[in-house]
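Observations on the model geometry
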Amino acid sequence: MAPMSENTTSTSARTAVVTGASSGIGEATARRLAAEGYHVLCAARRVERIEALAAEIGGTAMACDVTDEAAVAALADAVGPRLDLLVNNAGGAYGSTPVAQASSEEWRAMYEVNVIGLMQVTRALLPALVASGAGAIINVGSTAGRIAYEGGAGYTAAKHGTQVVTETLRLELFDQPVRVMEIAPGMVRTEEFSLVRFDGDQEKADAVYRGVPDPLVADDIADAIAWMATRPAHVNIDEIVIRPKAQAAQHKVYRLPE
Ligand code: 8X3
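The structure reproduced in this document is the subject of the present report. (Residues numbered from 1 in each chain as written. Predicted model: local features only at pLDDT ≥ 70, side-chain atom pairs only at ≥ 80, totals over all residues. Heavy atoms only, no water.)

1. Comments concerning the site of the ligand
Neighbouring residues of the ligand: Ser142, Ala144, Tyr149, Tyr155, Gly186, Phe193, Arg197 and Gln250. The separation between an oxygen atom of the ligand and a polar side-chain atom of Ser142 is 2.6 Å. Separating an oxygen atom of the ligand from a side-chain N or O atom of Tyr149 is a distance of 2.6 Å. Compared with its free state, where it exposes 240 Å², the ligand has 82% of that area covered by protein. Of the residues in the shell around the ligand, the class split is four nonpolar, three polar and one charged. (Near = heavy atom within 4 Å. Polar contact = N/O pair within 3.5 Å; in protein donor to acceptor, adjacent residues only side chain to side chain. Areas by Shrake-Rupley, 256 points an atom, 1.4 Å probe, with all protein chains shown as cover. Nonpolar A, V, L, I, M, F, W, Y, C, P; charged D, E, K, R; others polar.)

Structure follows, in structure tokens:
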């Protein structure tokens, strides 16, 4: 698959791939990395969104569903022989039912995108990251990869998977010039995360953040990712757990009365 649009500013620019770049944390990260001087390949399924983003930030749009091996191979072709940074951001939660009522379909979809998709993109782009001589991988995990909560098992299991894949890869690449890092955000208010989880139910999605003085926003995570990416090549930020001040722990969230 050929790049959808290209606005290369400099052939010597560092290059980054951001998956799930069509909205939320991915979109904010693509913008922020472009501001830091990266040429960003914005990968996502929704072509119109990434084309508009790429045009705005001087990047390249790549239609890519990370769960589709052929699409991932096409992404690797478009990247070419050298890549500086991969941000594995594509992911998501589907549903919030207890294990007793779990949907096999939702659980499979969460494992597909949060674990297998991340693996497929990493596997395909690893040679180019090694070839850069100072590559970096930043996986977007979640506090859901650190704890358990009722109704969350399908998502928490998948995000624990993201964490373990990250740790394993760091061990496997110990003698290679590629940093392997994870950021694990807690409550981040984005346009779509909770809406997707609750299958379009805006009221349920809004209830997640109701009364919380200042949930994190996508730019807060993009800021942290940019910081991780721009540390010197010998500095590996193994993991950052990042929450809003109001979320002292997963279940302990300060909410203002209505
Ligand atoms: C999102 C964090 O609290 O919805 O990855 O599990 S939470």
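2. Considering the pattern of salt bridges
One pass over the structure, following the stated rule, counts 13 salt bridges. Here Arg31 ties to Glu56 by a salt bridge, and the two come within 2.4 Å at their closest N and O atoms. With a gap of 25 residues between them, Arg31 in helix H1 (residues 24-35) and Glu56 in helix H2 (residues 47-57) connect regions that are remote in the sequence. Judged by relative accessible area, which is 30%, Arg31 ranks as partly exposed. Given a relative accessible area of 56%, Glu56 falls into the exposed group. (Salt bridge = Lys/Arg side-chain N within 4 Å of Asp/Glu carboxyl O. Helix = DSSP H or I, 4+ residues; strand = E, 2+ residues; numbered from the N terminus. Buried < 20%, exposed > 50% of the residue type's maximum accessible area, 1.4 Å probe, protein only.)

3. Description of unusual backbone geometry
Phi at Asp199 is positive, roughly 55°, even though this residue is not glycine. Of note, Asp199 is situated in the loop between helix H6 (193-197) and helix H7 (202-209). Judged by its relative accessible area of 74%, Asp199 is exposed.

4. Some words on the packing of H1 against helix H8 (residues 218-229)
It is the contact of H1 with H8, at a shortest axis distance of 8 Å, that shows an interaxial angle of 50°. Classified by the angle their axes make, H1 and H8 are oblique. The way H1 lies across H8 gives a crossing that is right-handed. Contacts between H1 and H8 pair Gly24, Ile25, Ala28, Thr29, Arg32 and Leu33 from the former with Ala218, Asp219, Ile221, Ala222, Asp223, Ile225, Ala226 and Ala229 from the latter. In terms of residue class, the contact of H1 with H8 is built from nine nonpolar, two polar and three charged. (Axes fitted to C-alpha atoms, helices over the stretch in contact; angles between N-to-C directions. Parallel < 35°, antiparallel > 145°, perpendicular 65-115°, else oblique. Left-handed = near helix turned anticlockwise from the far one by under 90°. Contact = heavy atoms within 4.5 Å.)

Keep in mind that these numbers describe shape and distance, not what the molecule does.
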